[in-house]
Amino acid sequence: MDRSVDLETCFGASNYAPMPVTIVRGKGVYLWDVNGRRYIDMMGAYSAASFGHCHPRLVRALTDQARQLDTISRAYFNDRLGAFLARACSLTGMDLALPMNSGAEAVETALKAARKWAYKVKGVPADRAEIIVCDGNFHGRTITIIGFSSVPQYRDGFGPFPPGFKSVAFGDAQAFRAAITPNTTAFLVEPIQGEGGINVPPAGYLAEVARICREHNVLLICDEIQSGLGRTGQLLACHHDGVQPDAVTLGKALGGGLLPVSLFLARREVMQVFQPGDHGSTFGGNPVAAAVGLAALDTLIDEKLIERSARLGAHLCARLAAIENPIIREVRGRGLFAGLELEPDLASAAAVATLLLRAGVLTKDTHRNTIRFAPPLIIDESQIDWAVERVAEVLDEFRRRESSTLVDVKTDTLG
Ligand SMILES: *Cc1c(COP(=O)(O)O)cnc(C)c1O
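Here's what I pulled together on the structure shown here. Every chain is numbered independently, its residues counted from 1 as its sequence is written. Only residues with pLDDT of 70 or above have their local features reported here, since the model is predicted, and side-chain atom pairs are shown and tallied only from 80 upward, although totals for entire chains, interfaces and linings are computed over all residues. No hydrogens and no water enter the side-chain calculation; it runs on all heavy atoms of the structure.

## Some points on the packing of helix α3 (residues 56-68) against helix α11 (residues 287-302)
Thought 1: It is at 9 Å that the axes of α3 and α11 come closest, and there the two elements cross at 155 degrees. Considering the angle they form, α3 stands roughly antiparallel to α11. Handedness of the crossing formed by α3 with α11: right-handed. Mapping the contact onto sequence places Arg 57, Leu 58, Ala 61, Leu 62, Gln 65 and Ala 66 in α3 and Pro 287, Val 288, Ala 291, Val 292, Ala 295, Ala 296, Asp 298, Thr 299 and Asp 302 in α11.
Thought 2: All residues other than Ala, Val, Leu, Ile, Met, Phe, Trp, Tyr, Cys, Pro, Asp, Glu, Lys and Arg, Gly among them, are scored as polar; the first ten of these are nonpolar and the last four charged. Its residues assigned to classes, the contact of α3 with α11 shows 10 nonpolar, two polar and three charged. Axis angles are defined between N-to-C directions and span 0 to 180 degrees, where every axis is a line fitted to C-alpha atoms and, for a helix, only to the segment in contact. Going along the chain from the N terminus, every DSSP run of H or I of four or more residues is numbered as a helix, and every run of E of two or more is numbered as a strand. By the definition adopted for this analysis, an angle is roughly parallel if under 35 degrees, roughly antiparallel if over 145, roughly perpendicular if from 65 to 115, and oblique otherwise. Rotating anticlockwise by less than a right angle from the far helix to the near helix defines a left-handed crossing, while the corresponding clockwise rotation defines a right-handed one. In this analysis, two residues are considered to be in contact whenever any of their non-hydrogen atoms come within 4.5 Å of each other.

This is the structure:
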């Protein structure tokens, strides 16, 4: 092991269990380790690296702005924020945007907006607002958000949790309808669950949910932090169902892989509940974040990465689905967002991810014994083919060595 690993292990909290590789350089879809070995990044930093690593246009936006003006706080106007918010609103069809940093902060902002809207606009009695979420959700790691997670480890030891949340089956519009009460304020949903296992709901689910929301005056809030910005082959994954939600959260790829940049976007009626002093963030909307966020949105459109994700995603899914191996239980996905679920009795996704690392392919296991693929959207067909060939080889090898004792890795250590 190299010294940086020793130091990290000695001085770092062990809230992650990184795979045994130390990355020192990145360019496009490739990453290099301390020994100069090259890997193809099929994981894309949980979809934060959608533009490929160190994209020249984004690096230029970052460094040009860093030389000109850094953080000044929101106590003053800066000359970069407006253009970023305007671009984000016009692309998503939302009226107003509120900049934060991490994804979890954007989700917290959504929850605060929904609650205040409940009291100021909908007329829910004080402190009675209810928000409905989905089983298998992932919305971040704050106390409020993990309070409605269905993963026991995420909650264990962190209670008590804020009340006012209810969880229903993902993909089941009638379960959602049945959970609505007069105090229901919002439905918070990932159009495709990422961490939960790349779970694609039945066709028409979101459209049905949107109808039910309208019928009951309930806000539809789509968490598009992972599924948005072209990942699934549409700008927002909810567009596959022709749905325009009341509010959206964006993050991850919005920072171009360079910085944490997130947004909560909403209709005017929702966002107008925030008055000066109600909510804020020291770094949210800083000039560097705004410059990078705007460059990320422009790059997404100028390089036609949404169309590319749809086209190459179909290729990736077809190639994965064509692998013949009894270890594979299911291939799920949309655009360049795919999950390969393995038979739990035959293979552990974590062990397969470790073998893939040795074969030069970076992936990561997630829930439901699934290997996730969210490569940079700039990936090309031959790079996908190369990676899928390695996947097929590793699964073959795994099956051959099935009976022997392979790597026994915990399946539940994730982002
Ligand atoms: C990653 C993720 C978050 C949390 O983002 P952070 O930047 O890690 O706080 C929230 N929602 C979804 C859907 C995510 O995938």
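Let's pick the thread back up.
## Brief notes about unusual backbone geometry
Thought 1: Cis geometry is found at the peptide bond from Gly 159 to Pro 160, where omega equals 0 degrees.
Thought 2: Counting through the fold element by element, Pro 160 comes out in the loop between α7 (152-155) and β6 (165-168).
Thought 3: You will see that Ser 47, though not glycine, has its phi angle at about 85 degrees, which is positive.
Thought 4: Here Ser 47 is to be found in helix α2 (residues 44-47).
Thought 5: Even without a glycine there, the phi angle at Arg 368 is positive, about 65 degrees.
Thought 6: As for its placement among the helices and strands, Arg 368 is situated in the loop between β14 (364-366) and β15 (370-373).
Thought 7: Each residue gets one of three labels from its accessible area relative to the maximum for its type: buried under 20%, exposed over 50%, partly exposed in between, using a 1.4 Å probe on protein chains only. Taking relative accessible area as the criterion, Arg 368 reaches 42% and is therefore assigned partly exposed.

## Points about the nonpolar core
Thought 1: Put simply, buried Ala, Val, Leu, Ile, Met, Phe, Trp, Tyr and Cys residues joined by side-chain atoms within 4.5 Å make one nonpolar core. If you look at the biggest cluster of nonpolar residues, it comprises 85 residues, and the most contacted ones within it are Phe 84, Phe 176, Phe 187 and Leu 342.
Thought 2: Once you skip the residues sitting within four places of it in the chain, Phe 187 turns out to touch Ile 132, Val 133, Cys 134, Val 168, Phe 176, Tyr 205, Val 209, Cys 213, Val 218, Leu 219, Leu 220 and Ile 221.
Thought 3: Of all hydrophobic cores here, the second largest spans 26 residues; its members include Leu 98, Ala 114, Ala 186 and Ala 247.

## As for the pairing of strand β12 (residues 338-342)
Thought 1: In terms of residue burial, β12 counts as a mostly covered element, since five of its five residues are buried.
Thought 2: Side chains of β12 alternate between two faces, with Ala 338, Leu 340 and Leu 342 and Gly 339 and Glu 341 buried alike.
Thought 3: One requirement defines pairing of two strands: DSSP has to find at least two bridges between them. Here five bridges tie strand β11 (residues 328-333) to β12, and the two strands are oriented antiparallel to one another. Within β12, the residue paired with Val 331 across the bridge is Leu 340.
Thought 4: The sheet contact formed by β12 and β15 spans four bridges and is antiparallel. Across the sheet, the residue bridging to Gly 339 is Arg 372, located in β15.

## Section: the sheet that holds strand β10 (residues 262-266)
Thought 1: An order of β4-β10-β9-β8-β7-β5-β6 is seen for the seven strands of this open sheet, with the pairing classed as mixed. Edge positions in the open sheet fall to β4 (96-100) and β6, since each of these has one partner strand only. The mean inter-strand angle of the sheet, taken between neighbouring strand axes irrespective of direction, is 20 degrees.
Thought 2: In terms of strand pairing, strand β5 (residues 130-134) meets strand β7 (residues 184-189) through three bridges, oriented parallel. From the neighbouring strand, Ile 132 faces β7, where its bridge partner is Phe 187.
Thought 3: Against the sheet, helix α4 (residues 81-92) touches β4, β9 (247-250) and β10, its axis set at about 55 degrees to β10.
Thought 4: Sheet strands in contact with helix α5 (residues 103-122) are β4, β5, β6, β7, β8 (219-223), β9 and β10, and its direction is about 160 degrees off that of β7.

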